[in-house]
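One letter stands for each residue in the lines below.
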Amino acid sequence: MADDASLLTEIQARYEAARDHASRWREEAREAFRFYAGEQWDDADIDKMAEQQRPIVTFNRVMRLVNAVIGHEANNRSEVRYIPRTLGDARVNELLTAASRYFRDGCDAEFEESDAFRDMIITGMGWTNDRLSDAHNPEYDLIEERVDPLEMLWDPASQKPNLADARYVFRRKRYTEKEIKAIWPDFTGPFTGAFDDDDDTGDPVDRSPRSAYRGGTGGDDRDVGQDILVLEYQYREREAYYVISHPGVAETIEVPAGELTDELRDKLKERGVPVVMKRRSVTRRCFVIGQSIVQGPDVVCPHDFTYHCITGFRDREHHHWFGIVRMLRDPQRWSNKWLAQIMHILNSNAKGGLMAEEGAVADRHEFEASWADPAAVTWFSDGALKSNAVQPKPPPTWPAGVERVLQYANASFTDVSGVNQELLGLADRQQAGVLEWQRKQSAVTLLAPLFDSLRRFRKMQGRCWLYLMQRYVSDGRIIRITSDQGSQNVPFGGPAELQHPQWKLPETAQYDVIVDQAPTAPNQKEQTWAVLTQLFPMLRNVLPPKMMLLAMEYSPLPESFVAKLKEVQQQLEAQGPPPNPDMIRMQAQLEARKAELQMRQQEAALNADLERQKAEARMQLEMARARHDMEIQRFKAQAETDIDRERAQSRAALDVEAHGLKVELAGAAADGRGPITRLFDGLSERQERTLAALTEGSQRSAAALAAGLAELANALMADNELVRDPRTGRAVGTRKVRKPDGV
């Protein structure tokens, strides 16, 4: 390790080289920031147009295109996940990933990264810094913050994206003397040196307003002091070390090259202990104020800088990186200039008026006043109109194709940047959703180098973040881990069975850093859910319910609702596994067979009871029929006897009456009375009719009695029918069924 004097000499040489190399890029970066903010006219053009009284028009189209790319990144954020190389590290990996998410949420890392991505889109370079902070926690918190790209200087020889092969980086930042004493209380000065240049064009940091503050109101202006430049220098250097291993012992010892003397090395060789010299790259940092190193050199992250860069497109000739704004400057300038030119042409050319000779009007003032009044009469001198002494001003001649030039300049924005109307959401044509999505993807494909640098940046940042977590914050603090089994609080240092130095061993950090799409990204969730909804019909009978519930995390449903679904699933799992569907099906079939057997047994018993009841009914019916036949015969005999007796009595009475009448008529005939004879004949006829009516009435009574007896016999002889329950189909009893007539 070099001493402070030689290190300061190295810093001075590298600082001047980096500043000279970045001076051109800083000028372009400032201009890009101005363009993005709408300051798109050069000072010389502004002065010239103000002198000519021409309008200065700015329609800022650059901001819209840049915001479209920034918004695409914000809607598709990624997260870093640590994937273990061995199965034994799965638990450790789970905790490290949760710890990373915990610290990133605490410092709003995703917003800082998006802010750095914005700087890269505008200027071609965006920077972040991973550092430790004890401002709120004495045990340190991990912080990721965006760094102004104009504060950074880097190795001019770096060629790889994201400056992955850079040997050193600088950061220039200004502090007050009070802040410096709070951070480095042992430093007393001097505060100025060779690094504190005041070149406004080369200084990457704008002056703070507090440095220009002057107090006092009575002419006693006092400068409260200018901020002091603090230079942070991070660099890589190769160092030699020896690896000492003893035969039969698996562990090895690493000894720095300066600590292993020749005498000790010879003794190890005499004892047969192998000593192997190796080299490795180590990253160090130091802070410089004035001409003094106030801190370091020390090692924060041995394999990488804590400053991470996102680079845009490569400018090979100047070894610079540029963003989208460089491609949009000329279309924006020409659009502004052509629009201002068109407005100047419109303002400077005539839009009406007359051309008149001096003798064409008698009074000029009266003519001018009446010409502007549409209700007034304008008088000319005699013959002025006939001699064409008064003529209208000719309309201006519009330059041919000036509108097309303006349209071409406006259309060039999407042509040179690759950001089409679909990505902007401004396509005003009817097209299918699939086609619009494909055109959005084509625009993203043109911008793929930018997003590829962002992915590489996250991998580099993830490795540094992993080392800082294991080296500085694996102190047993409580970390919340969210998994399929729910949320649990685990001490960062492992659960009770893993409380040992495993977290700080170098081999524990052998992880694959995977950059995955964050499930909280809105667009990613919608795209994933759209794919899953197409697969669900095919996989619903294949995937278990737990996997289907896992897919709900990518649904547009609220997270609270998904969490409740998981709680219900956990309760169901706590109740035990569900019964086997095959066993349930077999048990249901067995129960159905038992019920069917019982039903058949009941039906057989009812059928036997029914046959017995039918036999008893037939016997009773035959006996009843015999009794009824005897009753009918007796009743008929009695009825015939009664009818014969009544008929005999009636006939005897009629005979007596007829005999009396005959005697009376005979006496009347002897007296010669003819009508009486006719009356006697009428009485005989009436007697016959009366006898006939009595006979017919007796016959009807006998027939009605016979019909009633027959109906009673049919009712008694009716068959029994089996009655079933309409819901269950089981036999519940019998009922009489009357036979049709004639059966």
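Bear in mind that the values here come from a model prediction, so they are computed numbers and not experimental data. Here the residue numbering is sequential within each chain, running from 1 through the sequence in written order. Predicted model: local features are reported for residues with pLDDT of at least 70 only, side-chain atom pairs are reported and counted for 80 or more only, and whole-chain, interface and lining totals are derived from all residues. In computing side-chain values, all of the structure's heavy atoms are included and hydrogens and water are not.

Trainee: Help me understand the overall build of the protein chain in this model?
Mentor: Helix and strand labels come from DSSP, where a helix needs a run of H or I of at least four residues and a strand needs a run of E of at least two; each type is numbered from the N terminus. A tally of regular secondary structure across the protein chain gives 18 helices and 21 strands. Exposure categories follow from relative accessible area, calculated using a 1.4 Å probe and restricted to protein chains: below 20% of the type maximum is buried, above 50% is exposed, and the middle band is partly exposed. Expressed as a percentage of its 743 residues, the buried residues of the protein chain come to 35%. Only the protein chains shown count as cover for residues, with accessible areas throughout obtained via the Shrake-Rupley method and a probe of 1.4 Å. Element-wise, carbon and sulfur atoms account for 53% of the exposed surface of the protein chain, whose accessible area totals about 45400 Å².

Trainee: Looking at this structure, I do not really get the sheet that holds strand β2 (residues 125-133). What am I missing?
Mentor: Pairing between the strands of a sheet is mediated by backbone hydrogen bonds and can be parallel or antiparallel. Read across the sheet, 3 strands follow the order β3-β2-β12 without closing on themselves; strand pairing throughout is antiparallel. Unpaired on one side and paired on the other, β3 (141-147) and β12 (307-311) mark the two borders of the sheet. Going across the sheet, the axis of each strand differs from the next one's by a mean of 20°, ignoring polarity. Pairing between strands is defined by DSSP: at least two bridges between them are needed. Note: β2 against β3, 7 bridges, orientation antiparallel. In the strand pairing of β3, leucine 132 is matched with leucine 142. Seen against the sheet, helix α13 (residues 448-472) touches β2, β3 and β12 and runs at an angle of roughly 170° to β12. The convention used is that axes are lines fitted to C-alpha atoms, helices contributing only their stretch in contact, and that angles between N-to-C directions extend from 0 to 180 degrees. Residue contacts are counted whenever heavy atoms from the two residues lie within 4.5 Å of one another.

Trainee: Just to check I follow, could you spell out helix α5 (residues 109-123) for this structure?
Mentor: Residues three or four positions apart in an α-helix share a direction because the helix packs 3.6 residues into each turn. What a helix should span is 1.5 Å times the count of its residues minus one. An ideal rise of 1.5 Å per residue puts 21 Å on 15 residues; α5 measures up with 21 Å between its terminal C-alpha atoms. For α5, the set of buried residues is Ala109, Glu113, Ser114, Ala116, Phe117, Asp119, Met120, Ile121, Ile122 and Thr123. Just downstream of α5 lies glycine 124, where phi reads positive at about 105°.

Trainee: So what exactly am I meant to see when it comes to the confidence of the model for the protein chain here?
Mentor: Parts of the model with low pLDDT should not have their predicted coordinates read in detail. pLDDT is a per-residue confidence score from the predictor, ranging from 0 to 100. Looking at the protein chain as a whole, its pLDDT mean stands at 75, while 69% of the residues score no less than 70. Overall, residues 199-224 carries pLDDT values under 50, and its contacts beyond four positions in sequence, including any with other chains, amount to 43 contacts. Taken together, the stretch residues 494-501 has pLDDT below 50 and engages in 10 contacts with residues farther than four places along the chain or on a different chain.

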